[in-house]
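In case you want the letters, here they are:
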Amino acid sequence: VALKRMLNFNVPPVKNSAGEPVWKVLIYDRFGQDIISPLLSVKELRDMGITLHLLLHSDRDAIPDVPAVYFVMPTEENIDRMCQDLRNQLYESYYLNFISAISRSKLEDIANAAIGANAVTQVAKVFDQYLNFITLEDDMFVLCNQNKELVSYRAINRPDITDTEMETIMDTIVDSLFCFFVTLGAIPIIRCSRGTAAEMVAVKLDKKLRENLRDARNSLFTGDTLGAGQFSFQRPLLVLVDRNIDLATPLHHTWTYQALVHDVLDFHLNRVNLEESTGMENTPAGARPKKKNKKSYDLTASDKFWQKHKGSPFPEVAESVQQELESYRAQEDEVKRLKSIMGIEGEDEGAISMLSDNTAKLTSAVSSLPELLEKKRLIDLHTNVATAVLEHIKSRKLDVYFEYEEKIMSKSTLDKSLLDMISDPDAGTPEDKMRLFLIYYISSAQAPSEIDLEQYKKALMDAGCNLAPLNYIKQWKAFTKMASAPTSYGNTTPKPLGLFSRVMNTGSQFVMEGVKNLVLKQQNLPVTRILDNLMEMKSNPETDDYRYFDPKMLRGSDSSVPRNKNPFQEAIVFVVGGGNYIEYQNLIDYVKGKQGKHVLYGCSELFNATQFIKQVDNFDNL
């Protein structure tokens with residue numbers, strides 16, 4: 001909503017204004033591009049009058065009779081380039097929007113350039129948009145993408161980090177969170193764990209919100225800016241948790257569609273990139289292998305299939321794609337039939353005489369054609385994506401890993417020894433084995449004895465694993481106060497439902513032979529459990545000493561005692577140090593059972609297991 005208002009020259013778009021929109025160009029930097037692209041498609045931009053959208057630092061031609069909307073970070077080089085645009089008189093008028101608040105001195109630089117270029121009258125509006133975060137779903141956001149290594153798990157947990165570096169990281173995170181609450185139009189009540197990076201974020205955010213509220217003239221939280229009816233009258237709860245409370249989940253193999261896509265494919269800012277495998281059979285011996293085609297698909301809010309199934313277990317997804325395909329085929333025949341009734345193939349008299357009673361049918365076919373084609377596009381998209389995921393599941397036995405890890409995390413009895421899993425040459429990549437072992441190591445109440453550990457290490461080395469991440473996890477486990485009471489993950493395991501019954505028929509796109517049809521049992525992951533305690537005001541040793549901040553209170557108090565005793569209706573969980581789709585899905589499933597409650601999930605960056613392992617791998621010889 002905020003973006004649409006900005007693109008409409010900062011006035012709310014009128015719902016049904018008949019006329020043409022005002023044509024304009026949009027100039028953004030990479031930050032702006034990342035914020036807009038998951039939310040607005042090129043077509044939506046065009047509907048709002050955006051004819052061209054260009055990067056600020058690209059070579060742009062002058063378009064003197066068109067207004068330009070800028071959406072950029074207030075950095076030195078961006079400001080310089082904007083001043084240059086003013087001097088070169090590129091556009092008719094300039095609407096300058098800064099993603100994050102611009103400083104007084106930089107604003108003066110622009111003013112001076114405008115005076116120098118005689119363009120003061122053309123600078124129509126200058127706005128701080130406070131949009132320095134990326135929304136991926138209605139209920140999920142990440143902080144940044146461009147320089148995410150600056151706020152990565154690794155950056156925050158580096159042993160040699162200086163205080164000033166840490167301050168900078170925390171300020172970056174707080175700036176984005178502040179933007180998030182300005183956009184929401186709500187002042188949260190903040191809870192966080194003690195002695196963690198999350199606590200540093202909480203202290204700084206509390207201070208920043210407090211200062212803004214004190215400055216009544218310029219407060220961003222008054223009157224009409226408040227998110228018009230987005231939230232109920234009650235204030236939201238912000239739970240700040242540190243990634244270190246749970247390192248098993250980011251490594252966990254998963255079984256739901258969206259999390260699997262993120263785990264095994266190249267899925268980034270809601271776009272998945274696939275390499276299409278070209279058939280091998282028609283390549284003559286000795287010929288160069290064909291180049292793989294890269295295709296990318298957007299998985300967005302308007303994709304009904306995705307919205308419905310992104311949280312479903314994979315077997316269900318495969319079955320649903322198949323059903324969609326069958327229902328589409330039935331309709332496709334209908335179109336062919338109507339065509340033949342129309343006598344589009346042959347001009348025989350019979351067809352003409354039947355025209356009258358079939359016109360109505362045809363009209364409906366014509367009106368449903370675009371809809372059918374869109375349906376076909378989505379079916380093809382999900383057939384391709386699901387097939388790509390399935391190839392990984394089958395070649396790496398991900399179903400076996402998922403089930404085994406769930407058993408480890410819920411302390412159930414294992415039907416096969418961990419050593420056998422690691423040494424099985426057919427199951428999984430070296431990285432899959434490493435992930436499994438790390439989860440075992442993190443979840444075990446007693447660390448394995450040195451003798452056992454050596455045995456595991458040898459098996460892992462033989463399987464080709466890189467052992468570097470283990471060194472970090474070992475130190476992390478020794479360091480974590482919770483080592484005495486390892487995080488519990490509930491005690492239910494997925495129930496296999498026998499192999500696929502319906503999907504197994506030969507007509508199916510998906511050959512699911514040998515893949516277990518596992519059904520998920522809802523069990524709360526640590527992050528969800530912490531949220532549940534704090535949102536429902538449950539007393540629990542895990543969260544009882546969480547700090548409590550209320551930026552609206554005149555004096556900050558260092559207490560753990562919430563003043564408000566009522567359960568919250570709205571909450572935002574934010575993970576400092578990075579999050580993943582498994583936790584996001586777990587929260588969504590948790591809220592489904594709670595009437596009238598809303599939970600949003602945010603994280604400083606989004607990583608899958610591979611990216612996470614890379615981060616802890618670089619901590620060699622701490």
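What counts as what
Residues numbered from 1 in each chain as written. Predicted model: local features only at pLDDT ≥ 70, side-chain atom pairs only at ≥ 80, totals over all residues. Heavy atoms only, no water. UniProt positions renumbered as here; feature names shortened; annotations may be inferred. Helix = DSSP H or I, 4+ residues; strand = E, 2+ residues; numbered from the N terminus. Buried < 20%, exposed > 50% of the residue type's maximum accessible area, 1.4 Å probe, protein only. Areas by Shrake-Rupley, 256 points an atom, 1.4 Å probe, with all protein chains shown as cover. Pairing = 2+ DSSP bridges. Right-handed = clockwise from strand over helix to strand, strands pointing away. Phe/Tyr/Trp six-rings, centres within 6.5 Å; stacked < 30°, edge-to-face > 60°. Axes fitted to C-alpha atoms, helices over the stretch in contact; angles between N-to-C directions. Contact = heavy atoms within 4.5 Å. Salt bridge = Lys/Arg side-chain N within 4 Å of Asp/Glu carboxyl O. pLDDT = per-residue confidence, 0-100.

Going by an unreviewed UniProt entry, the protein chain carries the name Sec1 family domain-containing protein 1 and comes from Edolisoma coerulescens. In the Function (unreviewed entry) part of its UniProt record, the protein chain is described as follows: "Plays a role in SNARE-pin assembly and Golgi-to-ER retrograde transport via its interaction with COG4. Involved in vesicular transport between the endoplasmic reticulum and the Golgi." Per UniProt, the comment on the protein chain under Sequence similarities (unreviewed entry) is "Belongs to the STXBP/unc-18/SEC1 family."

Each helix and strand in the protein chain was counted, giving 20 helices and 17 strands. Burial statistics for the protein chain: of 622 residues in total, 50% are counted as buried. Carbon and sulfur atoms make up 53% of the accessible area of the protein chain, which amounts to about 30100 Å² in all.

Attention now moves to the pairing of strand E5 (residues 123-128). In this structure, strand E4 (residues 91-98) lies alongside E5, joined through five bridges in parallel fashion. Each bridged residue has a counterpart across the sheet, and for tyrosine 94 the counterpart in E5 is valine 123. Handedness of the E4-helix H5 (residues 104-116)-E5 crossover: right-handed.

Attention shifts here to the packing of aromatic side chains. Under the criterion given, the structure shown has 24 aromatic pairs. Relative to phenylalanine 178, the ring of tyrosine 130 lies with its centre 5.8 Å away and its plane at 75°, an arrangement referred to as edge-to-face. Of the two residues, tyrosine 130 is situated in the loop between E5 and strand E6 (134-137) and phenylalanine 178 in helix H7 (residues 163-184); the sequence distance between them amounts to 48 residues. The pair formed by tyrosine 130 and phenylalanine 178 is uniform in burial state, with each residue classed as buried. Ring plane angle 25° and centroid distance 5.0 Å describe the contact between phenylalanine 607 and phenylalanine 612, whose orientation is recorded as stacked. Phenylalanine 612 sits in the buried class, given a relative accessible area of 0%.

Turning our attention to the sheet that holds strand E15 (residues 547-549). Strand order in this open sheet of seven strands is E6-E7-E17-E16-E9-E8-E15, and the pairing throughout is mixed. The sheet terminates laterally at E6 and E15, the two strands that pair on one side only. Put simply, the sheet's adjacent strands are angled 20° from each other on average, direction ignored. Taken strand by strand, H7 contacts strand E7 (140-142), strand E9 (237-242), strand E16 (570-576) and strand E17 (598-603), and its axis lies near 165° from that of E16.

Quick look at the pattern of salt bridges now. Note that side chains of opposite charge can pair when their charged atoms are close. Counted according to the given criterion, the structure contains 30 salt bridges. Between arginine 158 and aspartate 160 there is a salt bridge whose closest N-O contact spans 3.0 Å. Taking the relative accessible area as the measure of exposure, arginine 158 reaches 23% and is therefore partly exposed. Here the salt bridges do not stand alone but share partners, grouping Asp263, Arg396, Asp432 and Arg435 into one network.

One rule of thumb: low pLDDT means the predicted coordinates there are not for detailed reading. With 81% of its residues at a pLDDT of 70 or more, the protein chain shows a mean pLDDT of 84. Overall, residues 225-232 carries pLDDT values under 50, and its contacts beyond four positions in sequence, including any with other chains, amount to 13 contacts. Counted against residues more than four places away or in other chains, residues 496-507, with its pLDDT under 50, gives 23 contacts.

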